[in-house]
Amino acid sequence: MTGNAGRKTGDEERRAAGAARIDIENLQVAYAGRNVVAGVHLVAAEGEIAGLVGPNGSGKSSVLRTVYRYLRPAAGRVLLAGADIRALAPGRAARQVAALPQERGSDFELTVREVVTMGRTPYKRAFAREDRHDRDLVARSLAAVGMAGQEARRFSALSGGERQRALLARAFAQDPDVLVLDEPTNHLDVRHQVELLGLLRAQGRTTLISLHDLNAAASLCDRLHVLNAGRVVASGTPREVLTAELLAEVFGVRAAVTEHPLTGDPLIAFDHRHSL
Ligand SMILES: Nc1ncnc2c1ncn2[C@@H]1O[C@H](COP(=O)(O)OP(=O)(O)OP(=O)(O)O)[C@@H](O)[C@H]1O
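Residues numbered from 1 in each chain as written. Predicted model: local features only at pLDDT ≥ 70, side-chain atom pairs only at ≥ 80, totals over all residues.

- In the annotation of an unreviewed UniProt entry, the entry for the protein chain reads ABC transporter ATP-binding protein, and the organism field reads Streptomyces halobius.

Here's what the structure looks like:
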């Protein structure tokens, strides 16, 4: 057995022990001294899909950036299984939390396969070669996002939606306890959106996700947290949170909230002719 396989067992043990709960406590985020998020409390329980919704600039990405450690909180804490995420060693953090961020790296000259294989880096010693487990996971991740057979393509030659899917495959290949996804349905056509939501449900991982599509959020998320001007203004199940009053107050739109005739999920019918 390789060291890598041993570590995998450790990850599985941690997951079984409930290691994937995220608690965000009194979070404040600032850029150059300007507060954009303040007093945010939210929980993503083990295996739960927690959605962040809110208008442009309400602070969704800023909250998520503190979870995948791109930003340091100005105040407050992000806890993973009760421990401050800032205190984790970088390798451990990368094995536990995978992100699909808004900010994209400069991986352009790599092939799709190389990009997705980067998801395995946190499990490898320096210069260690990928093993069968790595190759399997990379192949399964590519298949999951519908990109099997596209391994040899240059990342730079992909369309926006294909890039998004390759980066998602990288996050899946990382085999994390917690997935942090900032607008993952951006650029995806409707079928790939539906497939992605199905994939996320099937994963059963603790997931923090920001979404602009409120109907997708209503269908996918166990709990929704509505941000407005850097604060959480409502939290609860989609049914509890997505009311016509809230949509008017927070988003400034007229909408009727009904029930989806096919799925029974809350369904928001927007009035696309008039805003408030
Ligand atoms: N790198 C940055 N430097 C300075 N200000 C920033 C930076 N990133 C975000 N902001 C500001 O922080 C606030 C919150 O932005 P954030 O991107 O977190 O919101 P969001 O809810 O994700 O928005 P959107 O729906 O438009 O993606 C906004 O006022 C934004 O202008």
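Some words on the site of the ligand
No. 1: Around the ligand sit Tyr31, Val36, Gly54, Asn56, Gly57, Ser58, Gly59, Lys60, Ser61 and Ser62, and that is every residue in its neighbourhood.
No. 2: Broken down by element, the shell around the ligand gets its largest block of residues, 3 residues, from helix H2 (residues 60-67). (Near = placed C-beta within 6 Å. Helix = DSSP H or I, 4+ residues; strand = E, 2+ residues; numbered from the N terminus.)

Comments concerning the pairing of strand E8 (residues 206-210)
No. 1: A large share of E8 lies buried, amounting to 5 of its 5 residues.
No. 2: Here E8 shows two buried faces, one formed by Thr206, Leu208 and Ser210 and the other by Thr207 and Ile209.
No. 3: Note that strand E3 (residues 49-53) and E8 share 4 bridges and pair parallel. From the neighbouring strand, leucine 52 faces E8, where its bridge partner is serine 210.
No. 4: The pairing of strand E7 (residues 178-182) with E8 spans 5 bridges and is parallel. Directly across from leucine 179, in E8, lies its bridge partner threonine 207. (Buried ≥ 20, exposed ≤ 12 C-beta atoms within 10 Å, placed from the backbone. Pairing = 2+ DSSP bridges.)

Quick notes on the confidence of the model for the protein chain
No. 1: Averaged over every residue, the pLDDT of the protein chain is 90; the share at 70 or more is 92%.
No. 2: pLDDT under 50 marks residues 1-8. Its contacts with residues more than four places away, or in other chains, come to 7 contacts.
No. 3: For this predicted complex, the interface score ipTM comes out at 0.98, while the overall pTM is 0.90. (pLDDT = per-residue confidence, 0-100. Contact = placed C-beta atoms within 7 Å.)

Structural notes on the sheet that holds strand E1 (residues 22-31)
No. 1: Strand order across the open sheet formed by 4 strands is E2-E1-E4-E5, with antiparallel pairing between neighbours. Looking along the sheet, the strands with just one partner apiece sit at the ends: strand E2 (34-44) and strand E5 (83-84).
No. 2: Pairing geometry for strand E4 (residues 75-80) and E5, over 2 bridges, is antiparallel. Opposite leucine 79, over in E5, you have aspartate 84 as the bridge partner.
No. 3: Sitting on the sheet, H2 is in contact with E1, E2 and E4, with an inclination near 115° to E1. (Axes fitted to C-alpha atoms, helices over the stretch in contact; angles between N-to-C directions.)

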